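Observations on the model geometry
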Amino acid sequence: MLKNRFFYALATLCVLTLLCRVFLVENLGIDLYVDEAQYWIWSKNLDFGYFSKPPGIALQIWLSTQIFGDTLIGVKFLSMLCYVLASLLIFALIKQLNLSDKIAFYGGITTLTLPIFAWLGLFASTDSLLVLEWILALYFFVQIVENQRNQILNSVILGAILGFALLTKYTAAAWFLCAFLYLCCYKREFLISKKIIFLLIVLAISLLIFSPNLWWNYQHNFPTLRHTAEITIQKKSAGGFIPFAEFVLSQWLISGGIIFVIFLKIFPRVFNNFFWNNGNQNAQTALNLGVFFSLPLWIIVALQALNKNANANWAAPAFIPAILAVCAYYDFYKNNAKKIKIFIAINVISVLITLLAYSWQNILPLLVSDSQKISKLNFYKRAQGWHKMADSILPLLQSENKNIILLAENRTLISHLSYELRDFVNVNFADFADISAENPKKIRIISWNPQQTQSDYFQMISDLNKFKNQPNYVFFFVSDNKDAVKSAKFADYFQSIDKKYYNFGNSNSDSRKIYLLKMQNFKGYKNKNKNTNKQ
């Protein structure tokens, strides 16, 4: 494969695409999104688990920032790289299934330009590593089940990949379901003969690698599992046909339209062995794999949308096997002109949708004149203005000669302020146990939590009561809501409260409005039993 001209062409396009995305991130005028900022904090507090996610994303950002620093690109780079590597992996997988070089190239290009990956490829998220692990696991699954090469070694590797996938996102559990359904339909000997040993090796190693997260959850009363259940099963949402239709429509849009429609057209062919009956066993195997490792995940998330709600990215790993299925379908046909036309159409439409998304904040003013509507329709808005907001309050904080604790009621402010003030903030939450080691030059940011609940990571990890009766600390309550900084609500908790609050910034996309109330001599929260609420 390394001598394959199609592979070199694809690799070159991957490098150019990655460089373009890096340039774009640097010039979009955005800061980190709230999840990215929170994941960055996790990377400074490595553990076997966190409130809402397993530790994979924290490890990924930790490694990325060790190489590139705590810059915008440093936080995002390895996530951006994952989608590029996935493009090369789909090429390798298609070749492994003995389809043509040209169709492998088309598959790689389609993965590279697919709108969902082009969009997610700008951000640090759990989806990036999971997408890569999903297709990498499928590659080694093919080695074990279809090619039957080095089965013990490949079983060990596959188990390790799936273990790390579970540490990335619990959605990886659906991969096991996909594999089981495929084996039941096409490779039952792996379930009822001595070959089951390979599957047991995979399962044992994956659970071994995943076990530290299970132990962490056990020690902390299963916060991640409960949070996952809350947002997928228990969340109070209407569900029904409209959320279901919205999810299906979103999958059509983020696939560029054509891929999703072709997949819906061809997936029934796995039930009649269409290609097999027409003498193309390789195409049939590739189609079967593509359908069985994408359709079950889509069905699960679609049912979730029907029952409660579902985000468009929850089924992101399904798109690469779907591309495999489409490639298998078109590889069967010998009409090169037809193949070229369809894949040109797929990629041109994908690129146009991607360019529209990348340019959206520049196009909006041409379509809408009202500034409030522009702000509401600009999906980059949530990642803008945080750096300037942090800069606006920094002189006030630096003017204090005492240790400073910033208090906030939501993870959005805590996450963004921690990252944007990273040169001045101590984000090592392990130090909370020993305030005698406090560095007076460092600011702390703690969740304001008088109810003493544990409904997010910051409430779970920190306890403001450790700082009660500490006269060498000054406290600033921070909020983007003016009504939240009224001094009366804090009277029971602080001995000294300023009568006036500070306000900085503005509400446009260049900055954000922020209010601070200064207080001293924290008396401690009232005694209450800690409990866990929904986020």
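A brief report on the enclosed structure follows. (Residues numbered from 1 in each chain as written. Predicted model: local features only at pLDDT ≥ 70, side-chain atom pairs only at ≥ 80, totals over all residues. Heavy atoms only, no water.)

Over its 13 residues, helix 3 (residues 56–68) runs 18 Å from end to end, which matches the ideal 18 Å to within 8%, given 1.5 Å per residue. The complete set of buried residues in helix 3 reads Gly 56, Ile 57, Ala 58, Gln 60, Ile 61, Ser 64 and Thr 65. Looking one or two residues past helix 3, Gly 69 carries a phi angle of roughly 85°, positive in sign. (Helix = DSSP H or I, 4+ residues; strand = E, 2+ residues; numbered from the N terminus. Expected span 1.5 Å × (residues − 1). Buried < 20%, exposed > 50% of the residue type's maximum accessible area, 1.4 Å probe, protein only.)

So, about the side chain of Ser 255. When you line up the elements, Ser 255 lands in the loop between helix 13 (241–254) and helix 14 (258–266). Using a relative accessible area of 1% as the deciding quantity, one classes Ser 255 as buried. There is a polar contact of 2.8 Å between the side chain of Ser 255 and the backbone oxygen of Trp 252. Other than its neighbours up to four places away in sequence, Ser 255 contacts Leu 114, Pro 115, Phe 260, Phe 319 and Ser 350. (Polar contact = N/O pair within 3.5 Å; in protein donor to acceptor, adjacent residues only side chain to side chain. Contact = heavy atoms within 4.5 Å.)

For the rest of this paragraph, the subject is the pattern of salt bridges. Under the counting rule described, the total for this entry stands at nine salt bridges. In this structure, Asp 127 engages Lys 169 in a salt bridge whose closest nitrogen and oxygen atoms are separated by 2.8 Å. Taken together, the positions of Asp 127 in helix 7 (residues 126–145) and Lys 169 in the loop between helix 8 (151–168) and helix 9 (173–186) put the pair 42 residues apart, joining distant regions of the chain. Neither residue differs from the other here; Asp 127 and Lys 169 are each classed as buried. (Salt bridge = Lys/Arg side-chain N within 4 Å of Asp/Glu carboxyl O.)

Here we come to the side chain of Arg 21. Position of Arg 21 among the secondary structure elements: in helix 1 (residues 5–27). Despite being buried, Arg 21 has no salt bridge partner; Glu 36 is the closest side chain of opposite charge, sitting 13 Å away. (Lys, Arg positive; Asp, Glu negative; His and termini not counted.)

What follows concerns the packing of aromatic side chains. Overall, the coordinates contain 52 aromatic pairs when judged by the stated rule. With a centroid separation of 5.2 Å and 85° between ring planes, the pair formed by Trp 298 and Phe 319 is classed as edge-to-face. In this pair, Trp 298 sits in helix 17 (residues 295–307) while Phe 319 sits in helix 18 (residues 319–332), placing the two residues 21 residues apart along the sequence. Phe 319 carries the same exposure label as Trp 298, and that label is buried. Site record: aromatic cluster; members linked through ring pairs are Trp 448, Phe 475, Phe 477, Phe 490, Tyr 493, Phe 494, Phe 522 and Tyr 525. Geometry around Tyr 419 places Arg 422 over its ring, the cationic atom sitting 4.1 Å from the centre. (Phe/Tyr/Trp six-rings, centres within 6.5 Å; stacked < 30°, edge-to-face > 60°. Lys NZ or Arg CZ within 6 Å of the ring centre and 35° of its normal.)

Okay, the environment of Glu 409 next. As for its placement among the helices and strands, Glu 409 is situated in the loop between strand 1 (403–408) and helix 23 (411–420). Sequence separation between Glu 409 and Gly 385 is 24 residues; the distance between their C-alpha atoms is 19 Å. Excluding residues that lie within four positions of it along the chain, Glu 409 makes contacts with Trp 448, Phe 477, Ala 484 and Lys 489. Here Lys 489 takes part through its side chain, which lies 3.3 Å from a polar atom of the side chain of Glu 409.

Right, let's get into the nonpolar core. Phe 141 and Phe 293 are the most contacted members of the largest nonpolar core, which totals 157 residues. A per-element tally of this core places helix 4 (residues 72–96) first, with 17 residues. Filtering out sequence-adjacent residues up to four positions away, Phe 141 remains in contact with Glu 146, Leu 158, Trp 175, Ala 179, Tyr 182, Leu 183, Leu 289 and Phe 293. Membership of the second largest hydrophobic core comes to 19 residues, among which are Tyr 473, Phe 475, Met 519 and Phe 522. (Core = buried A, V, L, I, M, F, W, Y, C linked by side-chain atoms within 4.5 Å.)

Turning to the pairing of strand 1, a few remarks are in order. Taking burial as the measure, the six residues of strand 1 include six buried ones, the bulk of the element. Alternating positions in strand 1 separate into two faces, Asn 403, Ile 405 and Leu 407 on one and Ile 404, Leu 406 and Ala 408 on the other, with burial throughout. When strand 1 meets strand 3 (residues 473–479), the two strands line up parallel, connected through five bridges. Bridge pairing in strand 3 links Ile 405 to Phe 475. Here strand 1 pairs with strand 2 (residues 444–447) via four bridges, running parallel. Along strand 2, the bridge assignment pairs Leu 406 with Ile 445. (Pairing = 2+ DSSP bridges.)

We now examine the packing of helix 3 against helix 4. Axis separation between helix 3 and helix 4 bottoms out at 7 Å; the angle between their running directions is 115°. Judged by the sense of rotation from one axis to the other, the crossing of helix 3 with helix 4 is right-handed. Between helix 3 and helix 4, the contacting residues are Ile 57, Gln 60, Ile 61, Leu 63, Ser 64, Thr 65 and Phe 68 on the first element and Ile 73, Gly 74, Val 75, Phe 77, Leu 78, Ser 79 and Cys 82 on the second. Looking at the contact of helix 3 with helix 4 residue by residue, the classes come out as nine nonpolar, five polar and no charged. (Axes fitted to C-alpha atoms, helices over the stretch in contact; angles between N-to-C directions. Left-handed = near helix turned anticlockwise from the far one by under 90°. Nonpolar A, V, L, I, M, F, W, Y, C, P; charged D, E, K, R; others polar.)

In contact at an axis separation of 9 Å, helix 8 and helix 9 are set at 140° when each is read in the N-to-C sense. In terms of axis orientation, helix 8 runs oblique to helix 9. Residues Leu 158, Leu 162 and Leu 166 of helix 8 lie in contact with helix 9, whose contacting residues are Ala 173, Trp 175 and Phe 176. Here the residues of the contact of helix 8 with helix 9 are counted per class, giving six nonpolar, no polar and no charged. (Parallel < 35°, antiparallel > 145°, perpendicular 65-115°, else oblique.)

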